[in-house]
Amino acid sequence: MKKRSFMLLSFMLALSLFLSACGGFQKGNESAGEKGNKAADVPQELHVNIKTEPFSLNPGLANDSVSANVLYQTFEGLTRIKDGKPQLAMAESYEVSKDLKTYTFKLRDAKWSNGDPVTAQDFEYAWKWALDPKNQSQYAYQLYYVKNGQAFNEGKAKAEDVGVKAIDDKTLQVTLENPTPYFLELTAFYTYFPVNSKIAQKNPKWYANAGPDYTSNGPFKMTSWEHNNKIVLEKNENYWDAKNVKLTKIDMVMVNDNNTELSMFNNGELDWAGMPTGQLPTDSLPQLKKEGKLHIQPIASVYMFKFNTEKAPLNNVNIRKALAYAIDRKAIVENVTKGEQIPAMAVVPPTMFPENKKGYFKDNDVKKAKEYLQKGLQELGLKDVKDLPPITLSYNTDDAHAKIAQAVQDMWKKNLGIEVKLENAEWAVYIEKLHSGDYQIGRMGWSGDFNDPINFLELFRDKKGGNNDTNWENPQYKQLLIDSQKETDPEKRKELLKQAEAILMDEMPIAPVYFYTNTWVQKDNLKGVEVSGLGDVQFKWAYFE
């Protein structure tokens, strides 16, 4: 699916929306029960590694893949992605207005893990909570598609002005700013999950620990959370589709050592090792591939370095371009990551913009990089690169990130003569440093939250946007993205997005490195794991045979 053109994707999505409005929407995983019959006599307990402590297990605060890998098992939105398409989940049905701006969802009979009914008020509460500026949700902008969502988040409107309203316990009406062809994909994303408003209003810190107040509405419920060590999920018997959930338990350990993770898999302590939950040692990939054990899946995700454009010398565009052009991406994917990743000279993955296999500039263009460096030094009033203070490159603690950082450190020293210091921190600390601007250059991966290029571009729309971190903003870039949201012609919309991406790649607040692949090994008798083209994982349909 990811190799199809944007036009075809848009057409297929439009077709799926049409079919859904006509009653042809997928009703769920009808075959899971049949598959599960094979699992009758096999222990249905899954053991995976999630590497580190999640940033937050409140859907309204989560903004990272570690948290997502837990939340996609414990919560559920109006829709859920299966086989790359949205299918109804908490919503039993929906209607769309003629202008495609108002969705009216009817909720199915569903319960929270403590037995409370899941209501339309729970959705309205959760969405408005994430948008409330006092809650500082990094992902609030994912709800800007909802009418007055951005205005409320920016203090220019009231909560009651936001276009989400519980008509009654079972009816949720959502009014959008513009027709949004991928809205039913958005409602599967975790920022759009409900929370148990009855509990959250009594205990604002309901999400900090496992316990009676941590209620969820998904296939699994969290029964134990040993911070920085382990999370235990168990089947949620109150889940509306519990009959199709075969796993009884999921152990999620936090082991931030890739070699140890693979050893645990080989010793039988893990049933799955590698992405999307963990990471395999890069040196092991060629041998695992040779043995036929390695799974490789291209995903809509990009590995990049973010430049803090308010920290000297990264406040100079020519210095940023020099650094970006002096990276030998081909050498990194062939000699360091070894997972068939694709060198990235653009930010939108080729699965969405096929022409981005080539990108906007030449890989490892040292000659051009030196030209930009000289220009940048002159603009900074420096005579020689030796006058440039060392630059700090930061990454979250991980063997693969360390090797990539070391390789880039060598490239910048060899190609440009720039001294680079490396700095690492555990994920929760690291992400806070990036969000607070306490860094010069920081590595980051970004996976699509939904299957549309704007998801990669809107990150950098607003200087203080939740996950921007670069402090970069460009009025023309911003306007192009705003215009794209109002454009209904797919080709014209694509052209607006391409123009925006060209600006991003010219001003270089980020240096893309490669487009990800997911690489992992799994037990042969583990079936039904849903790894999406966006790179996330769902264990709802998993089972051992």
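Residues numbered from 1 in each chain as written. Predicted model: local features only at pLDDT ≥ 70, side-chain atom pairs only at ≥ 80, totals over all residues. Heavy atoms only, no water.

Peer 1: Where do I start with the overall build of the protein in this structure?
Peer 2: Check the secondary structure of the protein and you find 17 helices and 21 strands. Over its C-alpha atoms the protein spans a radius of gyration of 23 Å, differing by no more than 12% from the 24 Å that the globule rule assigns to 545 residues. The C-alpha extent of the protein, read off along each of the three principal axes, is 70 × 55 × 45 Å. For the protein, the proportion of its 545 residues judged to be buried stands at 60%. Considering only intrachain contacts with a sequence separation of at least 6, the fraction spanning at least 24 residues in the protein is 70%. Of the roughly 21,600 Å² of accessible surface on the protein, 48% is carried by carbon and sulfur atoms. Here the protein contributes 68 positively and 72 negatively charged side chains, and the mean placements of these two sets differ by 3 Å. (Helix = DSSP H or I, 4+ residues; strand = E, 2+ residues; numbered from the N terminus. Rg over C-alpha atoms; globule rule 2.2 N^0.38 Å. Buried < 20%, exposed > 50% of the residue type's maximum accessible area, 1.4 Å probe, protein only. Contact = heavy atoms within 4.5 Å. Areas by Shrake-Rupley, 256 points an atom, 1.4 Å probe, with all protein chains shown as cover. Lys, Arg positive; Asp, Glu negative; His and termini not counted. Charge placed at Lys NZ, Arg CZ, Asp CG, Glu CD.)

Peer 1: Help me out: how do you make sense of the UniProt feature "domain: Solute-binding protein family" (unreviewed entry) in the protein in this one?
Peer 2: When the UniProt feature table is mapped to this numbering, "domain: Solute-binding protein family" (unreviewed entry) covers residues 85-467. Note that residues 85-467 is 27% helix and 21% strand, and that its end C-alpha atoms are spaced 26 Å apart. (UniProt positions renumbered as here; feature names shortened; annotations may be inferred.)

Peer 1: In this structure, what is going on with unusual backbone geometry? I would like to understand it.
Peer 2: Put simply, M275 and P276 share a cis peptide bond, and its omega is 0°. Relative to the assigned elements, P276 resides in the loop between β11 (272-274) and α9 (285-290). A cis amide bond links A312 to the next residue, P313, at an omega of 0°. Along the chain, P313 falls in the loop between β12 (295-307) and α10 (317-325).

Peer 1: Before we go on, may I ask you to explain the packing of α10 against helix α12 (residues 366-379) in this structure?
Peer 2: The axes of two packed helices give the description: the angle between them and the distance between them. The interhelical angle for the contact between α10 and α12, taken along N-to-C directions, is 160°, at an axis separation of 7 Å. Judged by the inter-axis angle, α10 sits roughly antiparallel to α12. Two packed elements cross with a definite hand, and for α10 against α12 that hand is left-handed. Residues N318, I319, K321, A322 and Y325 of α10 form the contact with α12, whose participating residues are V366, K368, A369, Y372, L373, K375, G376, L377 and E379. Partitioned by chemical class, the residues of the contact of α10 with α12 number 8 nonpolar, 2 polar and 4 charged. (Axes fitted to C-alpha atoms, helices over the stretch in contact; angles between N-to-C directions. Parallel < 35°, antiparallel > 145°, perpendicular 65-115°, else oblique. Left-handed = near helix turned anticlockwise from the far one by under 90°. Nonpolar A, V, L, I, M, F, W, Y, C, P; charged D, E, K, R; others polar.)

Peer 1: Would you mind going over the sheet that holds strand β5 (residues 102-107) with me for this structure?
Peer 2: With antiparallel pairing, 4 strands are arranged side by side in an open sheet as β4-β5-β7-β6. Of all strands in the sheet, those with a lone pairing partner are β4 (91-96) and β6 (164-168), marking the two edges. The sheet shows a mean angle of 20° between the axes of neighbouring strands, direction not considered. Looking at chain direction, β4 and β5 are connected through 5 bridges and run antiparallel. Residue pairing across strands places E95 opposite T104, the latter belonging to β5. Against the sheet, helix α4 (residues 120-131) makes contact with β5, β6 and β7 (171-175), and its axis sits at roughly 165° relative to β6, the strand it touches most. (Pairing = 2+ DSSP bridges.)

Peer 1: What should I look at first to understand the pairing of strand β17 (residues 510-522) in this one?
Peer 2: Looking along a regular strand, one sees side chains alternate from face to face of the sheet. Here β17 lies mainly inside the structure; 13 of its 13 residues are buried. Pairing analysis gives 3 bridges linking β11 to β17, with the strands arranged antiparallel. Bridge pairing links W272 to Q522 in β17. Sheet topology note: the β12/β17 ladder contains 9 bridges and is antiparallel. Residue P298 lies in a different strand from β17, and its bridge partner there is T517.

Peer 1: Before we go on, may I ask you to explain helix α3 (residues 65-74) in this structure?
Peer 2: It helps to recall that an α-helix has 3.6 residues per turn; residues three or four apart then point in one direction. A large share of α3 lies buried, amounting to 9 of its 10 residues. Those residues of α3 that are buried lie in contact with β2 (79-82), β8 (220-226), β9 (230-235), β10 (249-253) and β20 (537-538).

Peer 1: It is not clear to me how the pattern of salt bridges should be interpreted in this structure. Could you clarify?
Peer 2: One side chain can pair with another of opposite charge once the charged atoms of both are near each other. Going through the model one piece at a time under the given rule, you end up with 31 salt bridges. Among the salt bridges present, the one from D398 reaches K51, with a minimum N-O distance of 2.1 Å. Here the residue D398 occupies a position in the loop between β14 (391-396) and α13 (399-416), and K51 occupies one in the loop between β1 (45-49) and α3, the gap between them amounting to 347 residues. For the pair D398 and K51, one class covers both residues: buried. D241 serves as the salt-bridge partner of K540, at 2.9 Å between the closest nitrogen and oxygen. Taken together, the residues span a long stretch of sequence, with K540 in the loop between β20 and β21 (543-544) and D241 in the loop between β9 and β10 at a distance of 299 residues. Residue class for D241 comes out buried when judged on its relative accessible area of 2%. The structure contains a network of salt bridges with shared partners spanning E355, K494, K498 and E501. (Salt bridge = Lys/Arg side-chain N within 4 Å of Asp/Glu carboxyl O.)

Peer 1: Got a minute to help me understand the nonpolar core in this structure?
Peer 2: Where a protein is soluble and globular, its nonpolar side chains tend to be buried together. By size, the foremost hydrophobic cluster in this structure holds 158 residues, and its most contacted members are F105, W127, I231, F305, L323, W412 and F539. Sorting elements by how many residues they give to this core places α13 first, with 8 residues. Among residues more than four places away in sequence, those in contact with W412 are L323, A326, I327, L393, G417, I418, V420 and I441. Among the nonpolar cores identified, the runner-up in size contains 12 residues, and V253, L262, L270 and L294 belong to it. (Core = buried A, V, L, I, M, F, W, Y, C linked by side-chain atoms within 4.5 Å.)

Peer 1: Looking at this model, I keep getting lost on the environment of I441. Mind explaining?
Peer 2: Note on placement: I441 falls in strand β16 (residues 441-447). Residue I441 is classed as buried on the basis of its relative accessible area of 0%. Along the backbone, I441 and K289 are 152 residues apart, and their C-alpha atoms lie at a distance of 33 Å.

Peer 1: Is there a simple way to explain the environment of Y190 in this structure?
Peer 2: Residue placement: Y190 occurs in the loop between α6 (183-186) and α7 (197-202). Excluding residues within four positions of it along the chain, Y190 makes contact with P59, A62, N63, D64, A68, L71, Y72 and Y139. Engagement of the side chain of Y190 in a polar contact is seen with the backbone nitrogen of D64, the distance being 3.4 Å. (Polar contact = N/O pair within 3.5 Å; in protein donor to acceptor, adjacent residues only side chain to side chain.)

Peer 1: Explanation requested: the side chain of E76 in the structure shown.
Peer 2: Position of E76 relative to the elements: it lies in the loop between α3 and β2. With relative accessibility at 1%, the residue E76 sits in the buried group. Here R80 takes part through its side chain, which lies 2.7 Å from a polar atom of the side chain of E76. Reaching out from E76, the side chain makes a polar contact with the side chain of Y239 at a distance of 2.4 Å. Setting aside its immediate chain neighbours within four residues, E76 contacts A89, M90, F193, P194, N217, G218, Y239, W240 and K540.

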